[in-house]
Amino acid sequence: MWKLRKIFTDPEFRRDFRLIVLDDGSSDDTLEVLNRYRTSLPLTILRSEEPVGYGRAVDRLLREALKQTPYPKRDAAIVLQADFTEDPSFIVDLVKTIEGGADIVAGVRSTLEEPTPRSLRWARRAAPWVLGRVHREAPVEDPMCGFRAYRLIVPKKALRDDETPLCSSTEPWVANVEVLSRLIPHARRVEESPLALRYGLQSRPSRFRAMRALRELLRLRGERPWSPPSEAA
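Given the structure is predicted, the values throughout are model-derived calculations rather than measurements.

A. Structural detail: the environment of Glu171. Mapped onto the secondary structure, Glu171 falls in the loop between helix H7 (153-161) and helix H8 (172-183). A relative accessible area of 4% means that Glu171 is categorised as buried. Along the sequence, Glu171 and Arg151 sit 20 residues apart, while their C-alpha atoms lie 24 Å from each other. Not counting the four nearest positions on each side in its chain, Glu171 is found in contact with Arg212, Ala213 and Glu216.

Set out below in C-alpha cells:
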C-alpha cells in the first residue's frame, strides 16, 4: 500500500489515484489489515464472503472502478497482483503509455527474476505451444500476463454490449486471456510495457499449479478470440 502511495505522490510523477482492493473470502486477518489504511489512503475495500476466484475478482474490481470514475475516457484502471510478484514501480510506464494515447497497455514479462519456481518456468515455456493459434495470433506478446492498464471507456463499452462477466476463470492465465479478448474489440490502440517479476518477495507459498494452469489453457486451444484493434467501436 505504502509503495503505491509513494509512487503516485512522487513529485516527479504525481497523479490522482484510488486503490480498490477485493478481499476474496479470506479466512485470515486480511480485512483487519486493510482497514488500518482507510484513514490514510484513498481506499475502497470490497468483500466477498465466499471466494469467487481470480477472474470474477478482476471483473468486480473493473466494474467498481467504472462506478467511481466520472471520466472514463480519461481515467484508467491498473490491475496488479497483491502478492508482490509484480513490481509497482512499473505502474509509471503503464500510466505514461495510457496518457500517450493507448487504450490498453499490456505488461510483458521481460525477465523472471530468481528465485523463480521451477514449475512456473516450465509452464511458461509450454504455454505458447498449449495455446497454439490463440497465442500466435494474440495482439500482445504475453496474453497471459495480468499486469495491465485499461482506459475505463474500454470496459464500459464492452459491458454496454454484453453484461456477462469480463472474465470468470479461476485460473489467472486463462482469465487474463478472457478479459483481453473481451476488451480488444473496443480498444483503438494497444501497446505493451516491459516488467520484471520478483517471486522471492511472496509472503506465502505460491498457489500456482503448472499442470492445472496448462490444462485450463488447453481449453482455449483452437478458439479465435481476437478481433483487430482497428475494428474497435
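B. Summary view of the pairing of strand E3 (residues 76-79). Here E3 shows a clear split, with Ala77 and Val79 buried on one side and none of Ala76 and Ile78 buried on the other. As judged from the 4 bridges shared by E3 and strand E5 (residues 148-151), these two strands associate in the antiparallel manner. Paired with Ala77 across the two strands is Tyr150, which belongs to E5.

C. Looking closely at the packing of aromatic side chains. Taken as a whole and assessed by the stated rule, the structure comprises 4 aromatic pairs. For the pair Trp2 and Tyr37, a centre-to-centre distance of 5.6 Å together with 55 degrees between the ring planes defines the contact as tilted. Separated by 35 residues along the polypeptide, Trp2 in helix H1 (residues 2-9) and Tyr37 in the loop between helix H2 (30-35) and strand E2 (43-48) bring together distant segments of the chain. Residue classification places Tyr37 among the buried residues on the basis of a relative accessible area of 19%. Sitting above the plane of the Phe13 ring, Arg15 keeps its charged end 4.3 Å from the centroid. We note Arg221 situated over the ring of Trp129; from NZ or CZ to the ring centre the distance is 5.2 Å.

Calculation notes
- Residues numbered from 1 in each chain as written.
- Predicted model: local features only at pLDDT ≥ 70, side-chain atom pairs only at ≥ 80, totals over all residues.
- Heavy atoms only, no water.
- Helix = DSSP H or I, 4+ residues; strand = E, 2+ residues; numbered from the N terminus.
- Buried < 20%, exposed > 50% of the residue type's maximum accessible area, 1.4 Å probe, protein only.
- Contact = heavy atoms within 4.5 Å.
- Pairing = 2+ DSSP bridges.
- Phe/Tyr/Trp six-rings, centres within 6.5 Å; stacked < 30°, edge-to-face > 60°.
- Lys NZ or Arg CZ within 6 Å of the ring centre and 35° of its normal.

Honestly, it's all geometry; don't read function into it.
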